[in-house]
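Close look at the chain arrangement
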Amino acid sequence: LVAALENGITLGHRFNASSPQTFDCGFPCSEQGNKWTVGGAGRNGFVTLAEATSASLNTVFAQVALPEDVGAEKIVEGAHRMGIRSPLTPVPSLVLGTSEVSTLEMASAYSNFATQGLWAEPFLISRILDAEGNVIYEHEVKQERVLDERVAAAALRPLRDVPTSAGTAPNANIGRPQGGKTGTHQSY
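Residues numbered from 1 in each chain as written. Predicted model: local features only at pLDDT ≥ 70, side-chain atom pairs only at ≥ 80, totals over all residues. Heavy atoms only, no water.

1. Some points on the packing of aromatic side chains
So the rule is basically this: Any two rings among Phe, Tyr and Trp, with Trp reduced to its six-membered ring, count as a pair given centres within 6.5 Å; such a pair is stacked if its planes are under 30 degrees apart, edge-to-face if over 60, and tilted if neither. The way it works is that DSSP assigns letters per residue, a run of H or I at least four long becomes a helix, a run of E at least two long becomes a strand, and they are numbered from the N terminus. Partly exposed residues are those whose accessible area sits between 20% and 50% of the maximum for their type, while under 20% is buried and over 50% is exposed, using a 1.4 Å probe and protein chains only.
All told, the structure shown has 2 aromatic pairs when counted by the stated rule. Between the aromatic rings of F23 and W36, the centroid separation amounts to 6.1 Å while the plane-to-plane angle is 50 degrees, which identifies the pairing as tilted. Taken together, the positions of F23 in strand β2 (residues 21–24) and W36 in strand β3 (residues 35–38) put the pair 13 residues apart, joining distant regions of the chain. When its relative accessible area of 8% is taken as the criterion, F23 is described as buried. On the basis of relative accessible area, W36 is assigned to the buried category, the value being 9%. Between the aromatic rings of Y110 and F113, the centroid separation amounts to 5.8 Å while the plane-to-plane angle is 65 degrees, which identifies the pairing as edge-to-face.

See below:
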């Protein structure tokens, strides 16, 4: 989503959301050679990028990952900038979770939306006090701008729909502003 927004694709841009779809990767990317078939909880017809995000539509993000739209390399660059430290393979299927990352890395990357594009190294201990209450150690948070504020705000909009009736996780709605992201599997 962030790579798409940074490369001029708006939340209102429409994509074919039908499922399954077969794409030409331009290089061997599956057992079928250059062809990659993607399925999931698709919809017939076209949806906006925002709708695809809140509905977790695999075929739309597969299109974003193809070189003619954004490409996997730009997605990897954005993910690393946002706090993912694990190696990511720059192939279109990356958008469907084919590279392993830790839960801490995911939380770190998603924190950029809550901080309007500022990232800080995750930490476990914020402060240590001695028996008298004196501060022995206090972690100093150093934030770095990794996203334009407008991109972070735009990306947050469809994530806020996920825990509401418009998204895929209404049972997670805790009745206050929040964002989230679910995923779908090839077998729904």
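Now that the structure has been shown, we can carry on.
2. Some words on the layout of surface pockets
This is how the line gets drawn: Lining residues are those with an atom within 4 Å of a point, where the points come from a 1 Å grid over the protein atoms alone and group into cavities, where a 1.4 Å probe fits but cannot get out, or pockets, open sets with protein on both sides within 12 Å along at least five of seven lines. Grid points are joined across faces, edges and corners, and a volume is the space filled by probe spheres set on the points. Each residue is assigned to one of three groups, with Ala, Val, Leu, Ile, Met, Phe, Trp, Tyr, Cys and Pro labelled nonpolar, Asp, Glu, Lys and Arg labelled charged, and all others, Gly among them, labelled polar.
Estimated volume of the largest pocket: approximately 940 Å³. The wall of the largest pocket is formed by 32 residues, among which L1, L94, V95, M106 and Y110 lie closest to the centre. In terms of residue count, the dominant contributor to the lining of the largest pocket is helix α5 (residues 103–114) (4 residues). Considered class by class, the residues forming the lining of the largest pocket number 21 nonpolar, 10 polar and 1 charged.

3. Quick word on the nonpolar core
For the record, the criterion: In plain words, nonpolar cores are sets of buried Ala, Val, Leu, Ile, Met, Phe, Trp, Tyr and Cys residues tied together by side-chain atoms within 4.5 Å.
Counting 36 residues, the largest nonpolar core has V2, L49, L57, V60, V70, F113 and L147 as its most contacted members. For this core, the secondary structure elements donating two or more residues are α1 (2–6), α2 (49–55), α3 (58–65), α4 (72–81), α5 and α6 (149–161). Sort the elements by how many residues they give to this core and α6 lands first, with 6 residues. Formed by 6 residues, the second largest nonpolar core is a distinct cluster that contains F23, C25, W36 and A62.

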